[in-house]
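Per-entry structural report
What follows is each chain in one-letter form.
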Amino acid sequence: MTQADDTSRPQPKPGVMDIAAYVPGKSAAPAGVAQVYKLSSNENPLGASPAAIEAVREVAGKLEFYPDGSSTKLRQAIAEAHGLNPANIVCSNGSDEIIGLLAQTYLQPGDEGVYTEHGFLVYQNYIKAAGGVPVIAKETDERADVDAILAVVTPKTKVVFLANPNNPTGTYIPFDEVRRLHAALPKNVLLVLDAAYAEYVRRNDYEAGVELVAGAQNVVMTRTFSKIHGLGGARIGWVYAPTHVIEAMERMRGPFNVNAVAIAAGVAAMGDRAHVERTVAHNEKWLGWLSEELSGLGLRVTPSVGNFILIHFPDDAKHSAAAADDYLSARGYILRRVAGYGFPNALRMTVGTEDANRGVVAALTEFLKS
Ligand SMILES: *Cc1c(COP(=O)(O)O)cnc(C)c1O
């Protein structure tokens with residue numbers, strides 16, 4: 001009997017095997033490359049806050065104790081830094097977990113979950129895992145399009161996921177557009193504002209969504225410690241949500257979903273404003289530099305407000321994104337292929353250290369001459 005027809009063994013529920021397992025950014029270069037620059041997962045090139053590292057060292061001596069299942073200190077630290085009520089925050093094992101919990105809580109089999117054309121792929125996976133139907137709204141100029149989102153909303157729509165700014169494009173929509181989207185959505189549809197990169201955005205017309213959440217019953221904002229705080233490895237996310245959403249999520253989440261190491265790191269990181277400011281300043285400088293240098297090489301880049309940049313390659317096979325990826329990897333520069341996001345001929349590059357940024361531009365200059 002082949003594996004495939006063995007129906008006597010346990011069967012995943014319908015839909016599970018249709019999910020394309022998430023493929024994270026590569027982290028290794030080919031053997032023999034001495035210095036590796038990982039620019040594939042939008043991590044902080046300055047690392048984590050020294051205070052967070054110290055806090056983790058301290059908790060290492062107390063690992064026999066279960067964590068506080070309510071992440072009380074972490075919620076307080078977040079609430080204080082952002083001016084929120086801690087009772088309206090749930091913390092999680094990365095914001096991915098929040099996205100999954102929201103899908104599991106609000107989607108029944110057959111319900112529709114909407115996200116945008118080049119939106120974060122995790123949404124699709126969690127919509128499917130909940131038995132929901134992923135519905136894709138077209139983008140305009142690689143940017144979320146409110147009218148296109150509204151056009152695909154049906155009576156079956158229960159959740160709309162909007163990454164603002166989006167990954168992998170780095171584009172955002174101004175907050176009056178988010179308000180217009182919210183105003184036109186049916187009141188029973190949950191609008192999820194994924195603001196993973198909010199701290200990086202330097203635009204007067206951008207807001208992460210705090211006020212909208214506070215003033216509505218059907219909006220939540222998700223955030224993460226993985227990007228600006230440089231704590232991707234600790235897995236910490238959170239959601240700010242109306243009380244009735246919190247009450248539902250508290251029933252769905254695991255009892256100790258945030259571990260003690262993460263709580264300690266998160267509290268310390270939230271308190272280190274200077275590290276956040278250093279990171280923002282570094283990003284602002286090098287995002288601008290990279291955009292100009294890469295454009296100067298004749299490569300189109302999508303205008304980004306995040307800590308990464310989407311680089312589009314020419315049509316000739318010799319200079320395609322795949323060829324560039326091989327060329328860069330061989331030199332230790334690991335970027336992200338984004339074919340799964342609808343960009344077969346682009347690479348996403350995280351803004352790195354000065355060495356990494358200069359190295360990629362120098363390597364691409366040679367690559368394009370070859
Ligand atoms: C990186 C990222 C997240 C954060 O994921 P974590 O699970 O918190 O590490 C969420 N949304 C988007 C769009 C991202 O790019």
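Reading guide: rules and limits
Residues numbered from 1 in each chain as written. Predicted model: local features only at pLDDT ≥ 70, side-chain atom pairs only at ≥ 80, totals over all residues. Heavy atoms only, no water. UniProt positions renumbered as here; feature names shortened; annotations may be inferred. Buried < 20%, exposed > 50% of the residue type's maximum accessible area, 1.4 Å probe, protein only. Helix = DSSP H or I, 4+ residues; strand = E, 2+ residues; numbered from the N terminus. Polar contact = N/O pair within 3.5 Å; in protein donor to acceptor, adjacent residues only side chain to side chain. Pairing = 2+ DSSP bridges. Contact = heavy atoms within 4.5 Å. Axes fitted to C-alpha atoms, helices over the stretch in contact; angles between N-to-C directions. Right-handed = clockwise from strand over helix to strand, strands pointing away. Core = buried A, V, L, I, M, F, W, Y, C linked by side-chain atoms within 4.5 Å. Parallel < 35°, antiparallel > 145°, perpendicular 65-115°, else oblique. Nonpolar A, V, L, I, M, F, W, Y, C, P; charged D, E, K, R; others polar.

Per an unreviewed UniProt entry, the protein chain goes by Histidinol-phosphate aminotransferase and derives from Mesorhizobium zhangyense. The UniProt entry for the protein chain carries this comment under Sequence similarities (unreviewed entry): "Belongs to the class-II pyridoxal-phosphate-dependent aminotransferase family. Histidinol-phosphate aminotransferase subfamily." In the Cofactor (unreviewed entry) part of its UniProt record, the protein chain is described as follows: "pyridoxal 5'-phosphate".

Observations regarding helix α4 (residues 121–129)
Residues of α4 that are buried: V122, Y123, Q124, N125 and I127. Looking one or two residues past α4, G131 carries a phi angle of roughly 85°, positive in sign.

Side note on unusual backbone geometry
The amide bond that connects N164 to the next residue, P165, takes the cis arrangement and shows omega of 0°. With an omega of 15°, the peptide bond running from N167 to P168 counts as cis. The residue P168 is located in the loop between β7 (157–163) and α6 (175–184) in this model. Its identity as a non-glycine residue notwithstanding, E142 has a phi of 60°, on the positive side. Structurally, E142 is set in the loop between β5 (139–140) and β6 (143–144). Of note in this structure, R235 is not a glycine but carries a positive phi near 60°.

So, the UniProt feature "modified residue: N6-(pyridoxal phosphate)lysine" (unreviewed entry) in the protein chain
The residues that UniProt annotates with the feature "modified residue: N6-(pyridoxal phosphate)lysine" (unreviewed entry) are K227. For K227, the position within the fold is in the loop between β9 (219–224) and β10 (237–240). Among the polar contacts listed, one links the side chain of K227 to the side chain of Y197, at a separation of 3.1 Å.

A look at the sheet that holds strand β14 (residues 336–338)
Pairing is antiparallel in the open sheet, where four strands are placed in the order β11-β12-β15-β14. Unpaired on one side and paired on the other, β11 (300–301) and β14 mark the two borders of the sheet. Where β14 lies against strand β15 (residues 343–350), three bridges are found, and the strand directions are antiparallel. Counted as the bridge partner of R336 is R348 from β15. Across the sheet, helix α11 (residues 321–330) touches β14 and β15, and the angle it forms with β15 is around 35°.

Observations regarding the pairing of strand β8 (residues 190–194)
Counting buried residues in β8 gives five out of five residues, a clear majority hidden from the surface. By the alternation rule, side chains of β8 split into L190, V192 and D194 and L191 and L193, which are all buried. Alignment of β7 against β8, held across five bridges, turns out to be parallel. Within β8, the position partnered with F161 by the bridge is V192. Each parallel crossover has a hand, and the one from β7 via α6 to β8 is right-handed.

Notes on the nonpolar core
Ranked by internal contacts, the top residues of the largest apolar core, which has 52 residues, are F225, L231 and W238. The element that contributes the greatest number of residues to this core is helix α9 (residues 260–271), accounting for six residues. In contact with L231, other than residues within four places in its own chain, are A48, A52, F225, S226, I236, A265, G266 and A269. Ranked by size, the runner-up nonpolar core spans 29 residues in total, among them L101, L107, V192 and A241.

A short note on the packing of helix α10 (residues 273–296) against helix α12 (residues 354–369)
Look at α10 against α12: their axes get within 11 Å of each other, and the N-to-C directions meet at 5°. In terms of their interaxial angle, α10 and α12 are classed as roughly parallel. Here H282, W286, W289, L290, E293 and L294 of α10 come into contact with α12, specifically with E354, N357, R358, V361 and L364. Along the lines of polarity and charge, the residues of the contact of α10 with α12 split into six nonpolar, two polar and three charged.

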